[in-house]
Amino acid sequence: MSLLPGVRLGPYEIVSPLGAGGMGEVYRARDTKLKRDVAIKVLPASLAKDADALARFEREALAVAALSHPNILAIHDFGSDGGVTFAVMELLEGETLREALASGAIPQRKSLLLAREIAEGLAAAHERGIAHRDLKPENVFITKDGHVKILDFGLAKQTPAPGDDVTSAPTARRQTEPGTVMGTVGYMSSEQVRGHPADSRSDIFSFGAVLFEMLTGKRAFKGDSAVETMNAILTSEPAELSQTSPGFPPSLQRLVQHCLEKKPEQRFQSARDLAFGLETLSSDSLTGRAAMTSAATGRGRRFAGPAMALALLAGGILLDRTVLRPAPPSAPSFRQITFRRGTVCSARFAPDGSTIIYTARWDGKAAEAFSVRVDSPESRPLGVASALVLSVSSAGEMAMLVGASHLQHLQFAGTLSRAPIGGGAPREIQENVVDADWAPDGKQLAIVRVTADGQRLEFPAGTALYKTTGWISHPRISPNGDRIAFLDHPAAGDDRGSVAVVDLKGGKKILSDGWEALEGLAWSPSEEVWFTGARSGSTYALHAVRLSGRLRLVYNGASSLNLLDISRSGQVLLSSGTKRETVMGLAPGDTRERDLSWLDFSIPSDISDDGKTLLFNEESASMGSAYAVCVRKMDGSAVVRLGEGNSMALSPDGKWVLSAHPDSRQITLLPTGAGEPKKLGEGISCAFMGGFLPDGKRIVFFGSEAGRPERLYVQDLAGGKPRPIAPEGTRASLQNVGTIAPVSPDGKLVAARGPDQTVSMYPVDGGTPRKVPGLLPGDGVIRWNADGHAVYVWEKGDLPVRIFKVDVSTGRREPWKELAPEDRAGAIQTYTVCLTPDGKSYAYDCQRILSDLFEVDGLK
């Protein structure tokens, strides 16, 4: 080791050596700026002046810096000091996979859990066009809490997608020269052995070799010399898993074999599909079942029929050759039902099984109900304006919402009505309803109703079976009428949640939990509960769960899937398309809005008073369940990710962000620059609405003690306990219109909705709340204007967003601005609007869902 304790490399002080290899020396160091321990990797003295070694070292740093994934080692910095080139990385505690294998094979269940995390890390790299090219046990680290980190991207290369024509792409990065062998013998793919260009599929071969060794404790390919080992890779097959150890399910053997195919085009074509296959095995095969049906019917199979291919491509459902079990006797068939640009909101089969009743919002217009025959491409409007079809009874009667306004995702609230399929005006029966389903006899309805503190599932109407402060979607009565399945979302506006059933006495049971995206549910004829959803890092898929809780995969799609209905004979209605949340903003001096989104689910939280900085949350599946707190300049410059959580507000000096973790709901201050996070709000569960007082020394936020209703609190940043400043039952002025608690410019008042559901101004230092004339029941207060004489308000609903300015003394109300994207097709709703005090700069989000309706036959 060449660096002694106390040596400084920039702001990093060497503490002790950690290890050394041929291409680097690693030390524990102290980051003196951010007051944290890190790992520093430097080139050994023998290579410090080697141009190729320096290039590889920098390439590794750049490759890792381009990635942000929990299963890839994070790099914090890269630089040079005193002739020493170094990379600063997160400090890991644990052991390498090679060290874990020293005692032999790893138990099957643990192997599959680790393997899935390796595959997810590879998928993140591959989706950024980066192939690792040196995956082996030495480059996989297992942390003390049992999670995986992929190390050493020194041989990584920017690669084209599998199947791209490298020679025809003049801008593509140069691949490894033919004849150059790159990688580690024993884990190299056949194309690496031959010196051919290696893309992401080469990593999948190496992964198969690593997984084989984890399961068996033996190398997949091993000879007496390097040459013999490479020859084995080219010509031999590893032993069957069952020959090395009993008890391996055939589906696991097929997965390993599929990774180790000699020809790249015969392997898994993406690490994402591989990760999904491993999830399938982890959740089902380990209980003794064979591989899930999805392994044969998911996006892992390419069909030869041209009509099938056209239907799948039109719906954005891409299939390849992933095969985990022999093909079923017949593949599912897809028939596209809709062809216009917009959003399919709901769909149900009529009693004849050949007619479909659906609701869609086409070309940016209001929702409309249609009827269509499966064997006809033409849809017929039902003539009911702004009606959302919820259910069709066995007698041919529709339950629908009229006068509906958007709440969250694809959930609307309105007046529940009944109308015959054949025509006729709807008859209104219940208000404040968001969903409903007919009982099998067609006489009664299960309904979900909006309440003052959340939502309630009732059956029959008026009899509450389940209540939540979050939201309930897709209530579906079982074929025999003895229970109701539904999707339970614990947080308003958040589509994470669980699949649950409740019996007619109110006994609830969770069938499957831990989903990050749930949007669709129906009972199958065999009384399984089918649903569509996604877990962290995975794609949307169709799943089935039994009342026992046994889960299986039915179909995996590359695009967003939403299960809408299943007929009595097993035909399925699915919508397929894309779902995004974009941020539009107007920066100071600009005359046109610009797109300030980052990935696929960006939601603004706050904008600095000068209009130059945007605070937002990135809720993309690639961020995991905790989401990411991010800032960027309003001119569209690079995004800075500050940490995990849901952000609420920027401090007046711009140095801190008020945030809360979506699981623990613990309030945290995140520094925008140097500094350590600070936890606040001890004992209070934050409701993700809060703000800084103008002096920057205190915050206000909405939250609740365990088992108590929500209320408004004030908290000193220096510490101490939060102090309530409003009675229990006080909530944000309008849920899901933003994350800032609107504080007056003098820091004395906060706008909130009291227990009586009226918006008032609550004194921060205590006292009687002050009602504001001119505020309407549905108004949500965005913020105060600069002089404190007025507030900007809006009522959540359909686009465009209409913003008003209300004088807090006189109640005078005047229109200020309407906000909407130029392209309104598929635009569903805005959740958040952020304004500067002078109203000249702003940011808002727009949820856009573009989908088509498919009738699918053959899913089992």
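Structure: see above.
Everything numeric here is computed off the predicted structure, so don't read it as measured data.

Caption draft 1: Molecular detail of the sheet that holds strand β20 (residues 427-438). Strand order in the open sheet made by the 7 strands is β17-β18-β19-β20-β21-β22-β23, with antiparallel pairing throughout. Unpaired on one side and paired on the other, β17 (387-392) and β23 (464-468) mark the two borders of the sheet. Averaged over all neighbouring strand pairs, the angle between strand axes comes to 40°, with direction disregarded. Where strand β18 (residues 397-408) and strand β19 (residues 411-420) come together, 9 bridges link them in antiparallel fashion. Across the sheet, methionine 400 pairs through a bridge with serine 417, a residue of β19.

Caption draft 2: Molecular detail of the side chain of asparagine 617. Take asparagine 617: it is sitting in strand β36 (residues 613-618). Exposure remark for asparagine 617: the relative accessible area of 4% places this residue in the buried category. One polar contact links asparagine 617 to serine 605, side chain to side chain, over a distance of 3.3 Å. In terms of polar contacts, asparagine 617 uses its side chain to reach the backbone amide nitrogen of serine 647, at 2.7 Å. If near-sequence neighbours (up to four positions away) are discounted, asparagine 617 is found in contact with Phe601, Ser602, Ile603, Ser605, Ala628, Val629, Gly645, Asn646 and Ser647.

Caption draft 3: Looking closely at the nonpolar core. Counting 64 residues, the largest nonpolar core has Ile118, Phe153, Phe207, Leu274 and Leu278 as the members making the most contacts within it. Not counting chain neighbours up to four residues away, the residues in contact with leucine 278 comprise Leu112, Ala115, Arg116, Ala119, Phe207, Leu211 and Leu255.

Caption draft 4: The packing of aromatic side chains, seen in detail. What the rule picks out here adds up to 10 aromatic pairs. For the pair tryptophan 515 and phenylalanine 531, a centre-to-centre distance of 5.1 Å together with 80° between the ring planes defines the contact as edge-to-face. Here phenylalanine 531 lies in strand β29 (residues 529-534) and tryptophan 515 lies in strand β27 (residues 508-515), a separation of 16 residues in the sequence. Pair check on accessibility: tryptophan 515 and phenylalanine 531 agree, each one buried. Relative to tyrosine 713, the ring of phenylalanine 701 lies with its centre 5.5 Å away and its plane at 15°, an arrangement referred to as stacked. Taken together, the residues phenylalanine 701 in strand β44 (residues 698-704) and tyrosine 713 in strand β45 (residues 711-716) connect sequence positions 12 residues apart. For the pair formed by phenylalanine 701 and tyrosine 713, the shared burial category is buried. An aromatic cluster is defined as three or more aromatic residues linked by ring pairs; in this entry it consists of Phe334, Tyr555 and Phe854.

Calculation notes
Residues numbered from 1 in each chain as written. Predicted model: local features only at pLDDT ≥ 70, side-chain atom pairs only at ≥ 80, totals over all residues. Heavy atoms only, no water. Pairing = 2+ DSSP bridges. Helix = DSSP H or I, 4+ residues; strand = E, 2+ residues; numbered from the N terminus. Axes fitted to C-alpha atoms, helices over the stretch in contact; angles between N-to-C directions. Buried < 20%, exposed > 50% of the residue type's maximum accessible area, 1.4 Å probe, protein only. Polar contact = N/O pair within 3.5 Å; in protein donor to acceptor, adjacent residues only side chain to side chain. Contact = heavy atoms within 4.5 Å. Core = buried A, V, L, I, M, F, W, Y, C linked by side-chain atoms within 4.5 Å. Phe/Tyr/Trp six-rings, centres within 6.5 Å; stacked < 30°, edge-to-face > 60°.

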